Structure formats: structure tokens, C-alpha cells
Amino acid sequence: MSAAPAPSSRRPTVTEREARQVAEAAREQDWRKPSFAKELFLGRFRLDLIHPHPTPSTEEAQRGEQFLTKLRDFCETKVDGALIEREARIPDEVINGLKELGAFGMKIDTKYGGLGLTQVYYNKALALAGSASPAIGVLLSAHQSIGVPQPLKLFGTQEQKEQFLPRCARTDISAFLLTEPDVGSDPARLATSAVPDGDDYVLDGVKLWTTNGVVADLLVVMARVPKSEGHKGGITAFVVETNSPGITVENRNAFMGLRGIENGVTRFHQVRVPAANRIGPEGAGLKIALTTLNTGRLSLPASCVAAGKWCLKIAREWSAAREQWGKPIAHHEAVGSKISFIAATTFALEAVLDLSSQMADEDRNDIRIEGALAKLFSSEMAWLIADELVQIRGGRGFETAASLAARGEKAVPAEQVLRDLRINRIFEGSTEIMHLLIAREAVDAHLSVAGDLIDPEKSLQDKAKAGANAGVFYAKWLPKLVAGPGQLPVSYGQFKHGVDLSPHLRYVERHARKLARSTFYAMSRWQGKMETKQGFLGRIVDIGAELFAMSAACVRAELLRSQGDHGREAYQLADVFCRQSRIRVEELFGRLWNNTDDIDRKLVKGIMSGTYEWLEDGIVDPSGEGPWIAAADPGASAKENLHRPIR
């Protein structure tokens, strides 16, 4: 067998501009519905879009609660989280039990055999299942949030829905395959090919980190169709049967956390897929993926809410039992402040999740920014919550649950939760990528009217036209950023019930305008270089996330008060969260202009050129041999097929 070419020789050669063009083409270009978060970044605090807080119908709530009762009983009696952690595998009988319960069809319409739950109750179910075992939460969410059901629901033909959704609802597990060994958040480099051949496409390539891929029966695969006569080409989505000839699961990957997930490397070699299995037109694959993720990303905040609730429970119980210097550690301010942070932030995480989910169910608003903010904010804050729990537990927080049990103490898996949560800051869009994605949407209105002004490829005539349009837009927009309801002491008075939340909403309104002014100033200052100011853009987005979370917390507190459901306590939690959040917002605003971004860039240039290589002296590198990125050349597999369907 001849040696295969180096991986780079088979990769599409893509410039930075071309990569951006691919990403831009995949975006939803229009805003046909209002967006609370989009308005927030423009300096307009549209409280009317989220208050009164939307709620599910009585019928939806009853159906959801009935399933949660069944799922809770199953998790309490059939799921052994410690066993899954120890053996790094969910037992087949647990997976089959979930199938019988209907858990794989939670989001699938009842006419296809699913449960037809709302996004709100789907997320509650994921949180419940994930608290029993995070691996189960991932199994269910990867199958329904990004696997076959969701893209078919949004983009599939009636024939595809009738063929695949009943299987996904009860018997089959699905997975989503986009990432490749040399392709992460830059899909323009995607190399897996789908070559038209009669009524089929022939797939070749390798996919990495295929969550559920080891046990999946059905796959959503993103592959590049070459442009040819009669074929538009481009990155395209396909439903693929995992037992098709030429598919090999070459590896079951292992990670620092989520030890029970079935994540692998999948190779396609001359795999024939019927054209009828193509989802949408050729070239629409990335748009399908991004649209699917608008609500699909809400599964991660669900796991974060579950983790926050558990961390609060353990922190409360442990801090009451553990005494130091004559009193429970909860009554020492250094520990108490951590417990306060955990409780207040958990309340906000649930507020953000429930609000975003209910907005998705109502379908009145475009939630592409809200969903992304929920994922970003929740993954970052849940990690901090878990870290604080480990700190509160001290040495016991660093010790494994198995070790604690072996010496006779309560088997509290604090360190496991920390490990399990860490991936949330990376997958389905890393924090850094989420910053850029949200920032692009946040400045969309500006680019729509003034984008041609900073585009070096536009003609003088185009720039002149853009200048005129921008003048009209900013003449109307900028004056509205000067003053607003946030400066009136009586504004939002309906949020005063014992505890007064109205100052926090006035704060949000004022600082939404300040955020918009800061963004405009930065665009005026840096113009075409704005996209390179990733540190600045990240802080802009983080401020928006905090303002969104504050808004959600206040609105949720008022909802609970109006329903007579722990309203007084909810107001207290919202108040504390908003006070903590405001401190973070002030720091972020300060760092917009007072930071080390410029000298960091200079230092990095020196580091990468070897100037500071001497700083690495005096260590031994324990890393093994091998390339940084594994070869992913197309061809037949030489490895054992590790595919393990659950029946």
C-alpha cells in the first residue's frame, strides 16, 4: 500500500476572508421576529418582550409534569450514577429503559410516536436525568437537540419525517457529525466529501468527537458536495444509516469528565447514501446546523442548572454539618459569600433557561442571540459554581466519591461535577467562538447600514451610498441613547414588593444604552479592524449576557410572586444576583478601554517566535509521541469497527 499524502494536501485551501464568507453565508440573514437580546445590544431595553413572563399552557404543563414524575422514578430506581462513572458506560438496560419510557422522543411530535414535550419540559427532563448521571443527559440531548430529530423537524421533507422520526422516538439513537480532526469552528476547511453518483451520494472522510456515534443507528453527517453540472455543491446535510457498508467507528474516545458518553471517531469509505436522505438543498448544511443549534444549545444550560441546584444542596448541607472555630462554616463570611454566590447564580441560571425556552416554545421572538447567551453565560457560571463547591468542601472536594465512601464518609462526587462541567465551555461552540458569534449578531444592524463603508472591496459608489444610509440610521438612533426610563426613579415600579427590584431594571436600561454607545464608539474608532478586537468584543458580549441574566432573574421573580410560589424568596435571590452581577458589569465596562490587549498581542508574537523559549527550561514533558492532529485521509479503515448498537 502506498503512503498516503500528508493531511494538509487533502484539505481545502481556505483564506481567512473565504472562511468568514462561508460562516457569513450560513447565518440567518433576516430578522423576521423581534429579539429581546438584539434590542438590548442596540441600547433598547424592550421589557415588554419578556414581561409578563411567558408560561406554558395548562395542557402542556400537565403532560410535562406527568413525564417528569415517571422519569424521576426511573432515575431514582434504575440509574446508578456511580456505576456509570466507574465503568465509563451507561448499561444497556438503562438505555433500553429510557427508550421504553419515551425519553428519546421527548421533542418528537406525538403523530410520529414521540411525547411532544415543550422546550421548557424537555429541558427540565434533561436537567433531571443529567443530575442522576451527566452521561445520560448528554445521550438524550445529543440525540434530540442536534441529532436527526431536530434538523428533520425544521428542514426535513414529509417523507423523511415519516421514515425516520418514529424510529428516533422509540428505538434508534442518533448523532450529529460535523467536526473533523482538522476542522473545529472553521467549517470552511471541512474535507468529508459527498460525490453525486446517480441517485446516490458517495461519502468519504473522517469525523471526530461524534457524541453518541459509537452506539448510534442514524447519523446527521455534514459533507462537502463538489460543484458540478446540475449540482450547486457546498456543505450539505445527510441522514445516514450507521450500519451502511463502509462506515467504521475506529475509536471510542475517553475524556476527563462525562466518562459514560459514547463518543468516537467515525470513518466513511465509499458509503452510498440515497439522495432522498439529503436534508434540504445542497449547500444548506451549515445553515441547517446553525438553525438547529438556536434551540439545541439550550440543552447545555439545562445541565448547568441541574449542576447548580446540586451544588447548592451539597454546599448547604455540608456547611451546616462542618464546624470550624466553634461554629458551622456557613457562618464564616469567607464561606458564606460562596454559598450566596451559588444560590443567587443558580436562580439566575434557571431564570435564563426557562425564559429562553418558553420564548422558543411561543415562537413569537427570534431567540438566536438569547439561546447563544444562555449557553455562554450558563457554561461559564456553572463552572465557577462547581469550583466554589470544591473549595467549600476543601480536601473532600478534591477527593473522589469512591474514596470518600471507602473510608466511611458520604460519597459526594464534587470533583466529578467539576470535571463533567468543564466541557460545556468548549463544545457546541467554545466560549471564544460564542463571543464572536454573538458579537456578529449584536452588530448586525450596524453592518447592515454601514458595512460597505469598512469593506475594502466595495467601490466608492457603494461606500457613498452606505454613508448616506448610515447617516440616516445614526441620526435617528444615536439621540435615543442619551436618555431613557432608567433615569426616572419611578420606572419599573411594578417590581417593588418588599424587596425592590426596580433599581436593577433601571440599571439594565441605562447600561444597555451605555453598551450600545461603547459599541458605536469602537466601530467608529477601529472600523474594518473591529473584527480583530476579540478581547473587546468578548467583553461587550459578556456585559450583554449579564444584563440579559439580570432581566431574566427579575422577570422570573415577579412571575413566581404573582403565582404565589416562593415569591418573597425569589425576590431576595434576584436582588442578590443583580447586585453581584452589577459588580461584574462595572468591571467589564472598565476593561473595555483599560486592558492589556495590545501588549498581550506583542508578547504572543515573541512567544511564538521563540523569544521566551528559555522560560520553558527545567521541566520534563510527559506527553507521548505522535502528531498534533491525526491524519484523516480518506480510504478504507484498517481498524476494528467499534460500533455497538443498543438493542
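Model, not experiment: these values are computed from the prediction.

Asks: Please clarify how the overall build of the protein chain should be interpreted in this entry.
Replies: Scanning the protein chain for helices and strands turns up 24 helices and 12 strands. Expressed as lengths along the three principal axes of its C-alpha atoms, the size of the protein chain is roughly 75 × 75 × 65 Å. Each of the 647 residues in the protein chain was classed as buried or not, and the buried ones make up 53%. Here the contacts in the protein chain between residues at least 6 apart in sequence split such that 77% fall between residues at least 24 apart. Accessible area of the protein chain: about 29,700 Å², with a carbon and sulfur share of 54%. Each charge class in the protein chain was averaged separately, 81 positive and 81 negative side chains, and the resulting centres sit 4 Å apart.

Asks: In this structure, what is going on with the nonpolar core? I would like to understand it.
Replies: Leu98, Met106, Ile136, Leu373, Leu547 and Phe577 are the most contacted members of the largest nonpolar core, which has 131 residues in total. A total of 16 residues in this core trace back to one element, the largest contributor, which is helix α22 (residues 534-562). Apart from residues no more than four positions distant in its own chain, Ile136 is found in contact with Val79, Ile84, Ile90, Val94, Leu98 and Ala129.

Asks: Looking at this structure, I do not really get the pattern of salt bridges. What am I missing?
Replies: Side chains that differ in charge, positive against negative, can pair when their charged atoms come close. Scanning all chains against the criterion turns up 42 salt bridges. A salt bridge links Lys207 to Glu180; the nearest nitrogen and oxygen atoms lie 3.0 Å apart. Taken together, the residues Lys207 in strand β3 (residues 200-211) and Glu180 in the loop between β1 (174-177) and β2 (193-197) connect sequence positions 27 residues apart. The pair Lys207 / Glu180 is uniform in exposure class, with both members buried. The partner of Asp217 in a salt bridge is Arg647, with the nearest N and O atoms 3.0 Å apart. Of this pair, Asp217 sits in the loop between β3 and β4 (218-225) while Arg647 sits in the segment after α24 (597-609), placing them 430 residues apart in sequence. Here the salt bridges do not stand alone but share partners, grouping Arg89, Asp92, Arg252, Glu262 and Arg644 into one network.

Asks: Sorry if this is basic, but what is going on with the pairing of β2 here?
Replies: The side chains of a regular strand alternate, residue by residue, between the two faces of the sheet. Judged from the five bridges that link them, β2 and β3 form a sheet pairing that is antiparallel. Bridging across to β3, Pro196 finds its partner in Tyr201. Linking β2 to β3, which pair antiparallel, is a turn of two residues; within it Gly198 sits at a positive phi near 65°.

Asks: Where do I start with the state of the cysteines in this structure?
Replies: Every disulfide links exactly two cysteines, by a covalent bond between their sulfur atoms. One pass over the full model with this rule turns up zero disulfides. Considering cysteine sulfurs only, Cys311 is the nearest to Cys304, which forms no disulfide, with 10 Å between them. We note that Cys554 lacks a disulfide partner, and the nearest cysteine sulfur, in Cys578, lies 3.8 Å from it. The exposure class assigned to Cys554 is buried, which follows from its relative accessible area of 1%.

Asks: Explain the packing of aromatic side chains to me, please; I cannot follow it from the model alone.
Replies: Pairs of aromatic rings are described using the distance from one ring centre to the other and the angle between the two planes. For the structure on display, the rule yields 14 aromatic pairs. Their ring planes at 80° and their centres at 5.2 Å tell us that Trp526 and Phe536 sit as a pair that is edge-to-face. With Trp526 in helix α21 (residues 502-526) and Phe536 in helix α22, this residue pair connects regions lying 10 residues apart in the sequence. Given the relative accessible area of 17%, Trp526 is considered buried. Consider the rings of Phe536 and Trp593, whose centres lie 5.1 Å apart with planes at 50°: the pair is tilted. Of this pair, Phe536 sits in helix α22 while Trp593 sits in helix α23 (residues 567-593), and the two are 57 residues apart along the sequence. Put simply, the rings of Phe36, Phe45, Tyr492 and Phe548 touch in pairs and so form one group of aromatic residues. Seen from the ring of Trp31, Arg368 lies directly overhead, with NZ or CZ sitting 3.7 Å from the centre. Between the NZ or CZ atom of Arg393 and the centre of the ring of Trp318, over which it lies, the distance is 4.7 Å.

Asks: Mind showing me how you'd approach the environment of Asp575 here?
Replies: For Asp575, the location among the structural elements is in helix α23. Along the backbone, Asp575 and Leu349 are 226 residues apart, and their C-alpha atoms lie at a distance of 14 Å. When residues no more than four places from it in sequence are discounted, the contact partners of Asp575 are Val499, Asp500, Leu501 and His504.

Asks: In this structure, what is going on with the packing of α21 against α23? I would like to understand it.
Replies: Two quantities define a packed helix pair, namely the angle between the axes and the distance from one axis to the other. Orientation of α21 relative to α23, taken along the N-to-C sense of each, is 15°, at an axis distance of 12 Å. As the angle between them shows, α21 and α23 are arranged roughly parallel. Judged by the twist between their axes, the crossing of α21 over α23 is left-handed. Across the interface between the two elements, Pro503, His504, Tyr507, His511, Lys514, Leu515, Ser518, Tyr521, Ala522, Arg525 and Trp526 from α21 touch Asp575, Cys578, Arg579, Arg582, Val585, Glu586, Phe589, Leu592 and Trp593 from α23. Classifying every residue of the contact of α21 with α23 by side-chain character gives 11 nonpolar, three polar and six charged.

Asks: I'm lost on the layout of surface pockets in this one. Help?
Replies: Empty pockets left among the atoms are what a rolling probe the size of a water molecule brings to light. For the second largest pocket, the calculated volume is near 890 Å³. If you trace the second largest pocket, you find 34 residues lining it, with Gln150, Lys153, Leu154, Ala360 and Asp363 closest to the centre. Broken down by element, the residue count for the lining of the second largest pocket peaks at five residues, all from helix α9 (residues 149-155). Among the residues making up the lining of the second largest pocket, the classes are represented as 10 nonpolar, 10 polar and 14 charged.

Asks: Would you mind showing me how to read the confidence of the model for the protein chain here?
Replies: Parts of the model with low pLDDT should not have their predicted coordinates read in detail. For the protein chain, the mean per-residue pLDDT works out to 93, and 96% of the residues sit at or above 70. A low-confidence stretch, residues 1-9 (pLDDT under 50), is modelled with seven contacts involving residues beyond four sequence positions or located in other chains.

Asks: Please clarify how unusual backbone geometry should be interpreted in this entry.
Replies: Among all residues except glycine, the phi angle is most often negative; among peptide bonds, the trans geometry is most common. Note the cis peptide between His51 and Pro52, where omega equals 0°. Of note, Pro52 is situated in the loop between α3 (36-41) and α4 (58-78). A positive phi is found at Trp209, a non-glycine position, where the angle reads about 55°. The phi dihedral of Trp325 falls on the positive side, at around 55°, and the residue is not glycine.

Asks: Can you walk me through helix α13 (residues 333-362) in this structure?
Replies: For an α-helix, 3.6 residues make a turn, and residues three or four places apart therefore share a direction. Compared with an ideal rise of 1.5 Å per residue, which puts 30 residues at 44 Å, α13 spans 43 Å between its outermost C-alpha atoms and is within 8% of the ideal. Burial of α13 is extensive: 22 of the 30 residues sit out of reach of the surface. Of the residues flanking the end of α13, it is Asp363, one or two places downstream, whose phi is positive at about 60°.

Quick notes on the rules
Residues numbered from 1 in each chain as written. Predicted model: local features only at pLDDT ≥ 70, side-chain atom pairs only at ≥ 80, totals over all residues. Heavy atoms only, no water. Helix = DSSP H or I, 4+ residues; strand = E, 2+ residues; numbered from the N terminus. Buried < 20%, exposed > 50% of the residue type's maximum accessible area, 1.4 Å probe, protein only. Contact = heavy atoms within 4.5 Å. Areas by Shrake-Rupley, 256 points an atom, 1.4 Å probe, with all protein chains shown as cover. Lys, Arg positive; Asp, Glu negative; His and termini not counted. Charge placed at Lys NZ, Arg CZ, Asp CG, Glu CD. Core = buried A, V, L, I, M, F, W, Y, C linked by side-chain atoms within 4.5 Å. Salt bridge = Lys/Arg side-chain N within 4 Å of Asp/Glu carboxyl O. Pairing = 2+ DSSP bridges. Disulfide = S-S within 2.5 Å. Phe/Tyr/Trp six-rings, centres within 6.5 Å; stacked < 30°, edge-to-face > 60°. Lys NZ or Arg CZ within 6 Å of the ring centre and 35° of its normal. Axes fitted to C-alpha atoms, helices over the stretch in contact; angles between N-to-C directions. Parallel < 35°, antiparallel > 145°, perpendicular 65-115°, else oblique. Left-handed = near helix turned anticlockwise from the far one by under 90°. Nonpolar A, V, L, I, M, F, W, Y, C, P; charged D, E, K, R; others polar. 1 Å grid on protein atoms, 1.4 Å probe; cavity = no way out; pocket = protein on both sides within 12 Å on 5 of 7 lines; lining within 4 Å. Points joined across faces, edges and corners; volume = space filled by probe spheres on them. pLDDT = per-residue confidence, 0-100. Expected span 1.5 Å × (residues − 1).

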